[in-house]
Every structure is written in C-alpha cells, then in structure tokens.
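Secondary and tertiary structure notes
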Amino acid sequence: MAEYRKVYGLGAEFDSAASLMTAAEKIRDAGFTKWDVHTPFPVHGMDKAMGLGKSWLSAPVFIGGSTGLLTAVLLTCIPSFGLYPLIVHGKPYDWRTLPAFFPIMFELTVLFSAFTTVFSLMIMNQLPKWYHPVFNWERFSRVSDDGFFLVIEARDPKFSETKTRTLLEEIGGQHVTLIHD
C-alpha cells in the first residue's frame, strides 16, 4: 500500500551558473512567483534575473537604529540635564556637554541596528528551520559543491506538474524531479 506524500514542487539541475541565469529569466517571464534557485556560490545578477525587488530589511534596521539613538539620548540627557544637574570642576551641565555623549549614542545606534538586523533576517528567512523538502531530493546534496538548481513550488498559481516539467526541460533543465514534502 503506497503512502500519500504531498508534492512540494519540481526541481531541475543546470550545467552552469550562466544556464541557470537564463533559466531564471525564462521562469520569471513565464509568470511564476513561488520559486527559488540554489547555487554553491553567489551569482552576480541573479536577483535581477529572478525579478526580485529591493529588500524590506532597511526599514526595520532604520527603526532599530533610531530606537537605539533615542534610547541613548534619553539615558544620557535626562539624568545629566534633568535629574542630577551637577557642576563638576566648573564644567557646564547644559547642551554644550552633549558631544561627550556622542560615543554612547553611536554605540547604542549600532547595537540596536545589529540586533534588529539579525532578528529581522531570522524572521524573513523563517529561521531556525531544521527541515526543508528539497533535502528529500538526492541530487540536491551537490548544491554545496557544483550543483545549480531551480525549484518551482507546487503552491505557485501557475504550477502544473506536466506543463511545468515540460517548461523546465525546454529551458535546459536536467534530472527534472518531483519533490515530495
């Protein structure tokens, strides 16, 4: 008795980064939206070939940095200018002493930005993810060595097992495989 396994998508292997780039452009032009490429090294121009836009990561990082700067300003200015306005050795305690706090402001801005970057990337990449369906594909183990792969997910609105397989074979995909979840 065969056990039913949900289909994750179709995967194809390509000879080189250039052929994968061409395939990515054709898949993008065909209107697919839920797909990804996997390479052993970054390929310059692949994000453009895939039709990816600007990352949304800059907005949370800006907010995190601004929060860090505001925190530093509040933590240094409120005690120094409001709660404990002390004159030490004749030095003023007004806005002229603000440059003394610039290193603290810089450090907290960088710290909050860094933490925001790490946590935003983890959310954006759905990490930690201990399992991914492409690991069921035996040829995918070559991705870290010399394999160039393109995977179209079954949840894509344009996905059709037969038509997508034909398209992947027409654009030069080898070892086109149905990947199960």
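Here we summarise the structure given alongside this text. (Residues numbered from 1 in each chain as written. Predicted model: local features only at pLDDT ≥ 70, side-chain atom pairs only at ≥ 80, totals over all residues. Heavy atoms only, no water.)

The next subject is a nonpolar patch on the surface. Together, L70, L74, I78, L83, Y84, L86 and V88 make up an exposed nonpolar region whose accessible area comes to about 740 Å². Structurally, L83 can be placed in helix α3 (residues 58-83). (Patch = residues over 30% accessible without salt bridge, like charges linked within 9 Å, V, L, I, M, F, W, Y side chains within 5 Å. Areas by Shrake-Rupley, 256 points an atom, 1.4 Å probe, with all protein chains shown as cover. Salt bridge = Lys/Arg side-chain N within 4 Å of Asp/Glu carboxyl O. Helix = DSSP H or I, 4+ residues; strand = E, 2+ residues; numbered from the N terminus.)

With that out of the way, let us pick up the layout of surface pockets. Within this model, the largest pocket holds a volume of roughly 1,100 Å³. What lines the largest pocket is a set of 30 residues, and nearest its centre among them are W35, D36, M50, L52 and N125. Counting only elements with at least two residues in the lining of the largest pocket, the list comes to β2 (35-38), α2 (46-50) and β3 (148-153). Here the lining of the largest pocket takes four residues from β2, the largest share from any one element. Taken together, the residues that form the lining of the largest pocket break down as 15 nonpolar, eight polar and seven charged. Roughly 170 Å³ of volume is contained in the second largest pocket. L86, V88, P92, Y93 and T97 are, among the 11 residues lining the second largest pocket, the residues nearest its centre. (1 Å grid on protein atoms, 1.4 Å probe; cavity = no way out; pocket = protein on both sides within 12 Å on 5 of 7 lines; lining within 4 Å. Points joined across faces, edges and corners; volume = space filled by probe spheres on them. Nonpolar A, V, L, I, M, F, W, Y, C, P; charged D, E, K, R; others polar.)

Bringing the side chain of E13 into the picture now. Here E13 lies in strand β1 (residues 7-14). Ignoring anything within four residues of it in the chain, the contact list for E13 reads W137, R139, R142, F148, F149, G172, G173, Q174 and H175. (Contact = heavy atoms within 4.5 Å.)

Before going further, it helps to spend a moment on the packing of α3 against helix α4 (residues 102-124). α4 packs onto α3 with a crossing angle of 145° between their chain directions and a minimal axis gap of 7 Å. Considering the relative orientation of α3 and α4, their crossing is right-handed. Seen from α3, the contacting residues are P60, V61, G64, G65, T67, G68, L69, T71, A72, V73 and T76; seen from α4, they are I104, M105, L108, T109, F112, S113, T116, T117 and S120. Along the lines of polarity and charge, the residues of the contact of α3 with α4 split into nine nonpolar, 11 polar and no charged. (Axes fitted to C-alpha atoms, helices over the stretch in contact; angles between N-to-C directions. Left-handed = near helix turned anticlockwise from the far one by under 90°.)

Next up on the list: the sheet that holds β2. With respect to topology, four strands assemble into an open sheet ordered β2-β3-β1-β4, the strand pairing being antiparallel. In this open sheet, the two edge strands, each paired with only one partner strand, are β2 and β4 (174-180). Between one strand and the next, the sheet's axes are offset by a mean angle of 20°, whatever the strand orientation. Sheet topology note: the β2/β3 ladder contains four bridges and is antiparallel. From the neighbouring strand, V37 faces β3, where its bridge partner is L150. Helix-sheet contacts for helix α1 (residues 17-30) involve β1, β2 and β3, and the interaxial angle to β3 is about 20°. (Pairing = 2+ DSSP bridges.)

So far we have only geometry, and geometry alone does not tell us how the molecule works.
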